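A structural walkthrough
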Amino acid sequence: MSTQGGFNAPLRRVGVVTLVLFGMLFVNLNYVQGVKAKDYRTSDYNARVQTAEYDVERGKIIVGDTAVAESKETTDSLKYLRTYPGGEMYAHVVGFRGVNIGSSGVEKLEDEYLSGNSDAQFADRISEMFTGQKPGGNVVLSLSKGAQETAWKELTGQKLSKTGAAVAIDPRTGAILAAVSFPSYDPGPYASHDTKVAVDAKTKVESDKELKPSLNRAFSDRFPPGSTFKVITSAAALANGATPETVMQAGNNYQPPQTSNFSIKNSSQNTCPEPSITLKQALTVSCNTSFARYAVESLGPDKLKEMGRNFGFEEIPHIERDDKNFAFGVAKSEMGTMSGPDGKVDPPALAQSAIGQREVKMTPLQGAMIAATVANNGSQMRPYLVQELKTYDLTTTHFTAQPKELRRSCTPAISRDLQDMMVNVVENGTGKKARINGFKVGGKTGTADGAEEEGAHGWFIGFVMKDDKPIIATAVFLQNAGKGGSGEAARISGEIMKSYIAEKGLS
Amino acid sequence: MTGQLRAATSGFQLATRRNVELALLLFVMVLLLGYAAAVEAAVIEEITGDFWVQTATLGVLFFAAHLAVRFLAPNADPVLLPAVAFINGLGVLFLRRVDYAYLTKAKVALRADFSPWAGLGGKQLLWTVIALVFAIVILVVVRDHKSMSKYAYTLGLLGIILVLIPALLPASLAQREGQSNGAKLWIRVGSYSIQPGEFAKIMLLVFFAYYLVKKREVLSLASRRFLGIDFPRGRDLGPVITVWVLSLMILVFVKDLGTSLMYFGMFVVTVYIATERASWLIIGLGLFLGGAFLAYFLGASVGGPFANFYTRAEIWLDPFADPSGDGYQLVQSLLGLGQGGLFGEGPGNGSPRFIPEVQNDLIFAGLGEEIGLFGLTAILMVYLLIVERGLRTALGVRDAFGKLFAGGMSFTLGLQVFVIVGGVTRLIPLTGQTTPFMSAGGSSLMANWILIFLLLRISDAARNPASTSASARPGVGRRNPPEQLHDAPTEMIR
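Chain A appears in an unreviewed UniProt entry as Cell division protein FtsI from Virgisporangium aliadipatigenens.

Glancing now at the overall build of chain B. Assigned secondary structure in chain B consists of 18 helices and 4 strands. Across the 494 residues in chain B, those meeting the buried criterion constitute 57%. Partitioning the intrachain contacts of chain B with sequence separation of at least 6 by distance along the chain shows that 72% fall at a separation of at least 24. A total of about 19400 Å² of accessible surface is found on chain B, and carbon and sulfur atoms cover 67% of it.

Next up on the list: the packing of aromatic side chains. Throughout the structure, instances matching the rule amount to 22 aromatic pairs over all chains. A network of ring pairs unites the aromatic residues B:Tyr153, B:Phe207, B:Phe208, B:Tyr210, B:Tyr211 and B:Phe267 as a single cluster. The ring centre of A:Phe399 lies 4.6 Å from the NZ or CZ of A:Arg321, which sits over that ring. Cation over ring: A:Lys466 sits above A:Phe439, and NZ or CZ is 4.7 Å from the ring centre.

In this section: the environment of B:Asp318. All names here are of chain B. Structurally, the position occupied by Asp318 is in the loop between helix 13 (307-317) and helix 14 (328-340). Residue Asp318 is classed as partly exposed on the basis of its relative accessible area, which comes to 40%. Measuring from C-alpha to C-alpha, the distance between Asp318 and Arg426 comes to 9.8 Å, with 108 residues separating the pair along the chain.

Time to look at a nonpolar patch on the surface. All names here are of chain B. On the surface, Ile160, Leu164, Leu168, Ile241, Val245, Leu246, Met249 and Phe253 cluster together to form a nonpolar patch covering roughly 670 Å² of accessible area. When residues of the nonpolar patch are traced back to their parent elements, those giving at least two are helix 7 (152-168) and helix 10 (238-254). Mapped onto the secondary structure, Phe253 falls in helix 10.

Remark: helix 1 (residues 8-35) of chain A packs on helix 14 of chain B, axes separated minimally by 7 Å, with the N-to-C direction vectors making an angle of 75°. In terms of axis orientation, helix 1 of chain A runs roughly perpendicular to helix 14 of chain B. For the pair formed by helix 1 of chain A and helix 14 of chain B, the contact residues are A:Leu29, A:Val32 and A:Gln33 on the first element and B:Leu334, B:Leu337, B:Gly338 and B:Gly340 on the second. Its residues placed into classes, the contact of helix 1 of chain A with helix 14 of chain B shows 4 nonpolar, 3 polar and no charged.

What follows deals with the pattern of salt bridges. All names here are of chain A. A full pass over the atoms with the stated rule returns 28 salt bridges over all chains. Linking Arg491 and Glu488 is a salt bridge whose minimum nitrogen-to-oxygen distance equals 2.9 Å. Here Arg491 pairs with Glu488, and both are found in helix 16 (residues 485-504), just 3 residues apart, close to one helical turn. Using a relative accessible area of 26% as the deciding quantity, one classes Arg491 as partly exposed. Classification of Glu488 by relative accessible area gives buried; the value is 14%. Where salt bridges share partners, they join Arg58, Arg82, Arg97, Glu107 and Asp111 into one cluster.

Let us now look at the interface of chain B and chain A. The interface is formed by 61 residues belonging to chain B together with 41 residues belonging to chain A. When chain B packs against chain A, the two sides together hide about 4500 Å² of surface, and 69% of this comes from carbon and sulfur. Taken together, the connections running from chain B to chain A amount to 0 salt bridges. Taken together, the links from chain B to chain A amount to 8 residue pairs in polar contact (both at pLDDT 80 or more). Those elements that provide at least two residues to the side of chain B that touches chain A are helix 9 (196-220), helix 11 (257-275), helix 14, helix 15 (363-396) and helix 16 (400-424) of chain B. No other element matches the 16 residues that helix 15 of chain B contributes to the side of chain B that touches chain A. Class assignment for the residues of the side of chain B that touches chain A results in 36 nonpolar, 15 polar and 10 charged.

Here we come to the UniProt feature "transmembrane region" (unreviewed entry) in chain A. Following the UniProt record, the feature "transmembrane region" (unreviewed entry) maps to residues 14-32 of chain A here. Across residues 14-32 of chain A one finds 100% helix and 0% strand; the C-alpha atoms that close the span lie 27 Å apart.

In this structure, B:Phe405, B:Trp449, B:Ile452 and B:Phe453 are the most contacted members of the largest nonpolar core, which totals 154 residues. Residue contributions to this core peak at 17 residues, all from helix 15 of chain B. Beyond its immediate sequence surroundings of up to four residues, B:Ile452 is in contact with B:Leu80, B:Val84, B:Ile386, B:Leu413 and B:Phe437. By size, the runner-up hydrophobic cluster in this structure holds 128 residues, among which are A:Val231, A:Ala235, A:Ala250 and A:Ile370.

A few words on the state of the cysteines. Residue and element names in this part refer to chain A. Evaluated as defined, the whole model comprises 1 disulfide over all chains. Across a sulfur-sulfur distance of 2.1 Å, Cys272 and Cys287 are joined as a disulfide pair. Of note, the bridge from Cys272 to Cys287 carries an S-S torsion of about 85° and is right-handed in sense. Taken together, the residues span a long stretch of sequence, with Cys272 in the loop between strand 9 (264-265) and strand 10 (276-278) and Cys287 in the loop between helix 11 (279-285) and helix 12 (288-310) at a distance of 15 residues. In this pair, the class of Cys272 matches that of Cys287, namely buried.

Take the sheet that holds strand 2 (residues 66-73) of chain A next. Residues and elements named next belong to chain A. Taken in spatial order, the 6 strands make up an open sheet running 3-2-1-4-12-13, and their pairing is mixed. In the strand order of this sheet, the two ends are held by strand 3 (80-83) and strand 13 (397-400), each with one partner. This sheet shows a mean twist of 25° between the axes of neighbouring strands, independent of strand direction. Relative to strand 12 (residues 386-390), strand 4 (residues 138-141) runs antiparallel, the two sharing 4 bridges. Within strand 12, the position partnered with Val139 by the bridge is Leu389.

Bringing unusual backbone geometry into the picture now. All names here are of chain A. For the bond from Phe182 to Pro183, the omega torsion is 0°, close enough to zero to count as cis. Examined against the element boundaries, Pro183 turns out to sit in the loop between strand 6 (176-182) and helix 9 (195-206). Located in the positive-phi region is Lys212, a residue other than glycine, with phi close to 45°. Mapping Lys212 onto the fold places it in the loop between helix 9 and helix 10 (230-239).

With that settled, consider the environment of A:Gly484. Along the chain, the position of A:Gly484 falls in the loop between strand 17 (469-479) and helix 16. By relative accessible area, A:Gly484 is classed as partly exposed at 45%.

With that out of the way, let us pick up helix 13 of chain B. Taken residue by residue, helix 13 of chain B has B:Asn308, B:Phe309, B:Ala313 and B:Ile315 as its buried positions. Summarising the axial view, the buried residues of helix 13 of chain B lie within an arc of 160°, below the 170-degree limit, and thus occupy one face.

Criteria and cut-off values
- Once a new chain begins, its residue numbering starts again from 1 and follows that chain's sequence as written.
- Written order determines the labels here, with chains lettered from A and ligands numbered from 1.
- Given that this is a predicted model, residues contribute local features only at a pLDDT of at least 70 and side-chain atom pairs are listed and counted only at 80 or more, while totals for whole chains, interfaces and linings are drawn from all residues.
- With hydrogens and water excluded, all non-hydrogen atoms of the structure serve as input to the side-chain values.
- Numbered from the N terminus, helices here are DSSP runs of H or I no shorter than four residues, and strands are runs of E no shorter than two.
- Using a 1.4 Å probe on the protein chains alone, a residue whose accessible area is under 20% of its type maximum counts as buried, one over 50% counts as exposed, and one in between counts as partly exposed.
- For this analysis, residues touch if any pair of their heavy atoms sits within 4.5 Å.
- Each accessible area is a Shrake-Rupley estimate made with a 1.4 Å probe; only the visible protein chains count as cover when residues are assessed.
- The aromatic pairing rule takes the rings of Phe, Tyr and Trp, using the six-membered ring of Trp, and pairs them if the centres are within 6.5 Å, calling planes under 30 degrees apart stacked, those over 60 edge-to-face and the rest tilted.
- Note on criteria: charge over ring means Lys NZ or Arg CZ within 6 Å of the ring centre, with the direction from the centre no more than 35 degrees off the ring normal.
- Residues form patches when they are more than 30% accessible in relative terms and have no salt bridge. Like charges link within 9 Å. Nonpolar side chains (Val, Leu, Ile, Met, Phe, Trp, Tyr) link within 5 Å.
- Salt bridge criterion: a side-chain nitrogen from Lys or Arg within 4 Å of a carboxyl oxygen from Asp or Glu.
- For helices, the axis comes from a line fit to the C-alpha atoms of the stretch in contact; other axes are also lines fit to C-alpha atoms, and the angle between any two N-to-C directions lies between 0 and 180 degrees.
- Angular relationships are summarised with four words: roughly parallel below 35 degrees, roughly antiparallel beyond 145, roughly perpendicular across 65 to 115, and oblique for the angles in between.
- Ten residue types, Ala, Val, Leu, Ile, Met, Phe, Trp, Tyr, Cys and Pro, are classed as nonpolar, four, Asp, Glu, Lys and Arg, as charged, and the remainder, Gly among them, as polar.
- Put simply, buried area is how much 1.4 Å-probe accessible surface two parts lose in total, over both of them, once they are put together.
- Nitrogen and oxygen atoms within 3.5 Å of one another constitute a polar contact, given that in protein one can donate a hydrogen and the other can accept it, and given that sequence-neighbouring residues count only through two side-chain atoms.
- UniProt positions are given in the numbering used here, feature names are shortened, and annotations may be inferred rather than shown by experiment.
- Each nonpolar core is a collection of buried residues, namely Ala, Val, Leu, Ile, Met, Phe, Trp, Tyr and Cys, held together in the definition by side-chain atoms within 4.5 Å.
- Note on disulfides: each one is a pair of cysteine sulfur atoms within 2.5 Å.
- Two strands qualify as a pair provided DSSP detects at least 2 bridges between them.
- Summarising the geometry, the arc corresponds to the directions from the helix axis toward the C-beta atoms.

Listed below in structure tokens is the structure:
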């Protein structure tokens, strides 16, 4: 047979087949590195993103002039290790930033700025292309070192309660000066570069279902406010035409209509056994029967709830710069329903709600906001935690908190009446332990029965003023503290106020 | 000789183009030097005084290879050696870059003093020396590629044995360390391992080429037409069926689709080249796909020896179903490639430590992270160039054995690149093939360099004016001969 030209035609076609095979590789490679590149780059399984993040020194979180979170250079494969000198005391505010276990708190809230990736730092990033990468930005918190330390020391030092919280606010600006939830946890191991160490630490903290150390009770949990809610009821009464001197019916018992075997009582037979009492005196001794009766007979649920809303109930107080509430998960304080299913007033429910029981629930943050609003002449400021965002060398400030009025909760006249009444509580009533020499301290105690068969919660919300100018407002909450809880809460509030006064050099 | 005299004066026919090869090699060395400097600048943050040592060593090696070709195969293709040198050199330098990545920050000071012969990169450099020495020896020994056909049966038998040894060895001696479910492609003795399949590939092809040259009439003559395609008679299908069964056995016992696809593809394509019957391609593709589907469904229902293939296919269909378990390798490969994107992170700026087996199967993904789509495209183009130059050699050579061997060799090389790169980029299921000239490992490097030097030997014969018919055609001018050379008619050897 002829072999002329044999094999050449199929060889050429094999060349074409090879071209086709390589063509498929090219097309597919374009898909993987072009079309899908972004998905792969940002994939949760792509550890490069995190590694790159740890190549840059993350900015500090600062309280006063102290770093409560900072990054330290290591010899690990991840260059910088996040450390938390603030420890347990600041854990719920600062949060944590783990390698593989997510983040929380300010670490989560201001992640972009801390890592140097925020829009505000865009110009800096451009110049860094020539000068080398600089550390991320610093976050300066609004917290007062003195107030925070005192709150932590006092809460962990008291013996009545195993769990609790304290919040302090600057009434004029809304700056959060202290936010403590206890028990707390050490966020240090959470940031370990050893994923196992981090996961084990987090799992251990979260497995404590009884004390829930990771729960931020200051912002994210709600409890019946008890008698502290009488400040709202008082405000509603004042708005309803009453004055501090308006005489109300008192007594050891009040049986609301439509009930037979239920009645409102006072905490003791000595609270307000007399048949009548002024509004101011009722708040001073915390007379349940007079407030419950007044709410049912003169106020009605609508006016009470309206005043509650005016002070911030039924709305999440946004402490983050945007309204997303994604880092802290601040809880909404609620008053519940005071009507029956038929829409008509439910007198027993209203009577209980007026003294901060039944479905009324409040965060310690909300408690501090009520006291702050009273002290600030009825003007409620938006609470905030981040005071400033500054470059790593603190030379440029990218953001400074601008105090913002949330709402006018009540008229200045009503707020002045409330101030007088609350000052009377501390000077002559249930809140004596919060007194500070030379300062005008006002407040309201609260003892609330929780759902548990344990001791009642102890509350105190209060403020301190000098020369008619508010200085600081606080809320202290001692969960299941039992007898003496509200008095202890008042004492702790006083201590927090004192430390802040000392820090500010006002005394 | 008259031919030589005339060529010496006219300048084209005896232009051996060795100087072109040398110039291309120099260009390649400049590229590699630039890459080595870029890696050091990124990883050590300074270019050390020793950054050129590995590249220079490679340069000396390739220059020696060039000299060997200049003297032993002066008319050989001038592009093959520089193209392969580029890939080989890039492999060595990238493996050194991987070494740097595994020196932890604590030992970062060591990077600058890291010996050029240490680590994966140093070992690969050493293997390059050994591989080139072997390949040059082959060039010395095999003065005429046709002489290989004398040992066709011996080589064929040896090839089959080499393929089967790992398959029959206990898994602990045949699998890569720590991969109890991986392909059985190795013979491991202590800390050393060789991949006999790389050598078997060449030996089997010698046999295929020889066998098919003898049998081509039978395989191409008698046929029935169906749908416009000539199909062979049933009884002539025997050898093909045999190889198909063998390749399926490889799939099952070697546990490797890639290897199976390689051998089967190599055989089918050589049959096709020998017979010019497209039906063989269709039959082959059909048989292979059918076999793969069968193995997939048997793996899903029966499991046992088919389970491995089933798992691999499942990973391929959805790598993110188990991203940190079964799908880990492919997922990390894709993430690495995606991270690289169009332009790559830059030499030395990627994170090859995140890509498992980045020195072996997934080296293409590791490189892709740093040099991006454009860089990988360039590398694929160089591979394509090697394959097409190989096929051109097959076109140029005149004897049937040489044509079949060169054609089969070139296609197999291309197929291997397709199988591994396709696997790494999730075009096909990922299998344990080496990336030719690039993956860490001596067997693969040695076998592939031998393959290239055999191609050089054949291309020398194809372009050698002494053995062309050019001297018998005195009227041929300086303008037309290249086409003549490349389409040289086939001389049958019996």
